[in-house]
Amino acid sequence: MRVDAIRQVAETIRSIELVADDAAALPAFTAGAHINLKLPGGLSRSYSLINGPEMRDRYVIAVNRDVASRGGSAYINEKLQVGDVLMVDPPHNTFPLVEDAELSAFFAGGIGVTPILSMIRRLEALGRPWKLFYAARNRVSAAFLIELEALDAREPGRVHLHFDDEAGKVMPLLKLAAGIPKAAHVYCCGPARMIDTFKASAGWRPQDNVHVEHFAGTNGRPTQDFTVVLKRQDKEFFVPAGQSIMETLEANGVRVAHSCREGVCGTCETVVLEGECDHKDNVLSPREKATNKLIMICCSGARSDRLVLDL
């Protein structure tokens, strides 16, 4: 894909518009999806799409210049230029929107507003009700304020903005979440502390109505030795405790799709045929983990002696 436009949308956030370099039609996507960009140096990074699914001629992302960047956000914010061509994986969605919800309530922190913006645009197109609670350190670090304020002006009370420096404290998420009806679907994307508070606020809600998108993994590692079996390839390998399945496969020359390596992007999702998983990811829901049918091989392991995968 070719970089068609770059815009500064906040002090440290750039919006990047990508179009097909050969003018081919782009794969469709759903609100909440992300794409993986292949960057110089062998890097692969996932970024949420911020445009609505109705926009089919381009993919639009927004990237914050992370001071702890391992290369991805630094490259995009400091070196990427209009006209550059990047390899991009098709959209993948681990944070889907329930489009027919009675009400959709969103809690976003900082750059966590990106997947939620796509969801809001989709709900606007459908004429469905929503509310947004968006927190940032200050106004200059918050993205898309003009658009969000315009949406609120169209229907006052839908957008609640919170700036820590002006309020002198963080957003009172527990109090705000308590005012959302139980039947609503609630979503959160932001820093770890915000997500922890959000989860604490949602314990009384139906599990299927609570949706979370993480920035980072749990840092958990498999805790026991096991044998991984690749059914279709008729291969098996010993995986020592503390090592991921992906690391073992790569060490043995088996290439597998990946991006984040932290259990947050879903790129390495693999079907489990036999065995019990030791889940360490932040992608699968508790219900999905309990079914024992899928695993993120970049970080998870096994509780059984053998784990048979559809690979």
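Conventions used here
- Residues numbered from 1 in each chain as written.
- Predicted model: local features only at pLDDT ≥ 70, side-chain atom pairs only at ≥ 80, totals over all residues.
- Heavy atoms only, no water.
- Pairing = 2+ DSSP bridges.
- Helix = DSSP H or I, 4+ residues; strand = E, 2+ residues; numbered from the N terminus.
- Axes fitted to C-alpha atoms, helices over the stretch in contact; angles between N-to-C directions.
- Salt bridge = Lys/Arg side-chain N within 4 Å of Asp/Glu carboxyl O.
- Buried < 20%, exposed > 50% of the residue type's maximum accessible area, 1.4 Å probe, protein only.
- 1 Å grid on protein atoms, 1.4 Å probe; cavity = no way out; pocket = protein on both sides within 12 Å on 5 of 7 lines; lining within 4 Å.
- Points joined across faces, edges and corners; volume = space filled by probe spheres on them.
- Nonpolar A, V, L, I, M, F, W, Y, C, P; charged D, E, K, R; others polar.
- Left-handed = near helix turned anticlockwise from the far one by under 90°.
- Contact = heavy atoms within 4.5 Å.

The protein carries the name Ferredoxin in an unreviewed UniProt entry, which gives Devosia geojensis as its organism.

A.B. asks: Looking at this structure, I do not really get the sheet that holds strand 13 (residues 235-239). What am I missing?
C.D. replies: Two pairing modes exist for strands in a sheet, parallel and antiparallel, and in both the strands are linked by backbone hydrogen bonds. Reading across the sheet, the five strands line up as 13-12-18-14-16 and stay open at both edges, with mixed pairing between neighbours. Across the chains shown, the open sheet's two edge strands, defined by having one partner strand only, are strand 13 and strand 16 (294-296). Within the sheet, the average angular offset between the axes of one strand and its neighbour, ignoring direction, is 40°. Inspection of the sheet shows strand 12 (residues 226-230) paired to strand 18 (residues 306-309) by four bridges, in the parallel sense. Across the sheet, the residue bridging to V228 is L307, located in strand 18.

A.B. asks: What am I meant to see in the pattern of salt bridges here?
C.D. replies: Think of it this way: side chains of opposite charge can pair up when their charged atoms draw near. Enumeration over the complete set of coordinates arrives at 23 salt bridges. A salt bridge links R2 to D4, with the shortest nitrogen-to-oxygen separation between them at 3.4 Å. What makes R2 partly exposed here is its relative accessible area of 29%. Through salt bridges that share partners, R2, D4, R7, E17, D21, D57 and R58 make up one connected network.

A.B. asks: Hey, could you run me through empty space enclosed by the protein in this one?
C.D. replies: The gaps left among the atoms become clear once a water-sized probe is rolled over them. Summed over all chains, the structure comprises one cavity of 30 Å³ or more. Its boundaries defined by the atoms lining it, the largest cavity holds a volume of some 40 Å³. Considering the residues around the largest cavity, the lining is formed by T94, V212, E213, H214, V264, N282 and V283. Classifying every residue of the lining of the largest cavity gives three nonpolar, three polar and one charged.

A.B. asks: Even after reading the chapter, I still don't get the packing of helix 2 (residues 113-126) against helix 3 (residues 145-154), so can you show me in this structure?
C.D. replies: In a pair of packed helices, the angle between the axes and the distance between the axes together describe the arrangement. In contact at an axis separation of 12 Å, helix 2 and helix 3 are set at 30° when each is read in the N-to-C sense. Every pair of crossing elements has a handedness; the one defined by helix 2 and helix 3 is left-handed. Counting all contacts with helix 2, which are made through L117, I120, R121 and E124, the residues of helix 3 involved are E147, L148, L151 and R154.

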